[in-house]
Amino acid sequence: MELSNGRINLEALNIEGCEGKHLPGSQLSPSDFGTYSYNQFHSMNALEILRETIKILRHNSFGFLAIAALLICPVSAVSLSNVLVAHSIVKRLSIRLLLVARASGLPLNPVVKQSCQRFCEMAVSTAVCFPLYITLLLLAKAGVVYSVDCSYSKKQFDVSKFCVTIRKIWRRVVSTYIWACVVIVGVLTLFLPLIVAVCNVFLIFGCTPDLIVYPGLVVGLVYSVIFAHAIITCNIAIVISVLEDASGSQALLRSSVLIRGQTQVGLLVYLGSTIGMAFVQGLFEHRVKTLSYGDGSSRIWEGPLLVIMYSFVVLIDSMMTAVFYFSCRSFHMEEASNGEVLSLLEMMNHSPRTPAATHSPRTPAATHSPRTQVLNDSNVIG
């Protein structure tokens, strides 16, 4: 920190760990990722993150669309169609879940039955498609993060360099993804006993099944926020495992620290992406899986179109997660810079005055008005 002519040289601030360089100990060369300072970024809200994502997509549209077509589309087609899901297993699991819901006092109305059906279908589909998620989809996410990094460092996406880089970091990316899956499964597992315990408590107090639904809804809303926070943390951890020398639990811990102060922005980004994916899934369910109109000949073109739409939403979600990572880094840099500047100003204000500043009451310097003194202080600070 330097002071010149009473002004604070903000460019002399050097905050450790805020430069855009990878940590020592990694096997990456400086050319694998872009070299930049996080000072060039600024913290953004959800709408600004979306605008920044669109700008990056326009800057390198070929690379991102190639990732979507080659890596995301196959996973989206299998995930939407559920061709690998055994419906008999889904039916057995949904029946057992309905028995648990009835034992906890919940009424078996159509909403509860549909929720149990969807939850079991999602669980089975995720388990069956896990090999695709940990290979193609994870490779697509790493490619998106690498492309965003290239866009910020003013470099073109190079497939050969990406292949060399992904070989070096693939082990830690997979390790982080497995840890993220464990966290998400743990959060999902805790939800079932929690809602059963809450419903049983109200059942003991003599509440009717129709009234027990309301505390169940409250628990579901609170849990959805916790689940969304866990998803955001895991997504940022994957970005960290690509751009930094961190993996597994270390990446998750760093992610939880990094999103502090930006949780609301992350929740809005996650909400927008979830609504987009749910909308496309609903269209695919009613227009492709279920014959709800006509003779079904439109499935030939509607199915691939909806798969492309879903893949594009997944691509935008991955890009927004990468941009959100840079926004969080910038947010913490701004806080650190402001805190250091404020501490220096406090040191200046509490420092002992020089003898030249102690004038007698008869000197003109002692007859300044408070307004003049404030202006002088502001000149020193500014």
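Each remark here, short or long, concerns the structure printed above.
Residues numbered from 1 in each chain as written. Predicted model: local features only at pLDDT ≥ 70, side-chain atom pairs only at ≥ 80, totals over all residues. Heavy atoms only, no water.

To continue, consider empty space enclosed by the protein. Unfilled space is identified by rolling a water-sized probe across the atoms. In total, this model carries one cavity of 30 Å³ or more according to the counting rule given. The computed volume of the largest cavity comes to approximately 100 Å³. Forming the walls of the largest cavity are Lys141, Val145, Asn235, Ile238, Val239, Asp317, Ser318 and Thr321. Contributions of two or more residues to the lining of the largest cavity are made by helix H5 (130-152), helix H7 (209-243) and helix H10 (299-350). Among the residues making up the lining of the largest cavity, the classes are represented as three nonpolar, three polar and two charged. (1 Å grid on protein atoms, 1.4 Å probe; cavity = no way out; pocket = protein on both sides within 12 Å on 5 of 7 lines; lining within 4 Å. Points joined across faces, edges and corners; volume = space filled by probe spheres on them. Helix = DSSP H or I, 4+ residues; strand = E, 2+ residues; numbered from the N terminus. Nonpolar A, V, L, I, M, F, W, Y, C, P; charged D, E, K, R; others polar.)

Turning next to the packing of aromatic side chains. Under the definition given, this model contains six aromatic pairs. Aromatic side chains Tyr152 and Phe326 sit 4.8 Å apart centroid to centroid with 65° between the ring planes, which places their arrangement in the edge-to-face category. One end of the pair, Tyr152, is in helix H5; the other, Phe326, is in helix H10, with 174 residues separating them in the sequence. Taken as a pair, Tyr152 and Phe326 share a single burial class, namely buried. These aromatic residues form a ring-pair network of at least three members: Tyr152, Tyr325 and Phe326. (Phe/Tyr/Trp six-rings, centres within 6.5 Å; stacked < 30°, edge-to-face > 60°. Buried < 20%, exposed > 50% of the residue type's maximum accessible area, 1.4 Å probe, protein only.)

Listed in full, the buried residues belonging to helix H8 (residues 248-258) are Gly248, Ala251, Leu252, Ser255 and Leu258. Mapping the buried residues of H8 onto a view down its axis gives an arc of 125°, with all of them on the same face. (Arc of directions from axis to C-beta.)

Our next topic: the packing of H7 against H8. At their nearest, the axes of H7 and H8 sit 8 Å apart, and the two run at 115° to each other. The interaxial crossing formed by H7 with H8 has right-handed handedness. Between H7, through Ile232, Thr233, Cys234, Ile236, Ala237 and Ile240, and H8, the contact on the second element is made entirely by Ala251, Leu252, Arg254, Ser255, Ser256 and Leu258. The class makeup of the residues in the contact of H7 with H8 is eight nonpolar, three polar and one charged. (Axes fitted to C-alpha atoms, helices over the stretch in contact; angles between N-to-C directions. Left-handed = near helix turned anticlockwise from the far one by under 90°. Contact = heavy atoms within 4.5 Å.)

Scanning the model with the defined rule gives five salt bridges in all. Here Asp245 makes a salt bridge to Arg172, at a shortest N to O gap of 3.5 Å. Taken as a pair, Asp245 in the loop between H7 and H8 and Arg172 in helix H6 (residues 159-204) lie far apart in primary sequence, 73 residues in all. With a shortest N-O distance of 2.7 Å, Arg254 and Glu244 are connected by a salt bridge. Of the two residues, Arg254 sits in helix H8 while Glu244 sits in the loop between H7 and H8, which places them ten residues apart along the sequence. (Salt bridge = Lys/Arg side-chain N within 4 Å of Asp/Glu carboxyl O.)

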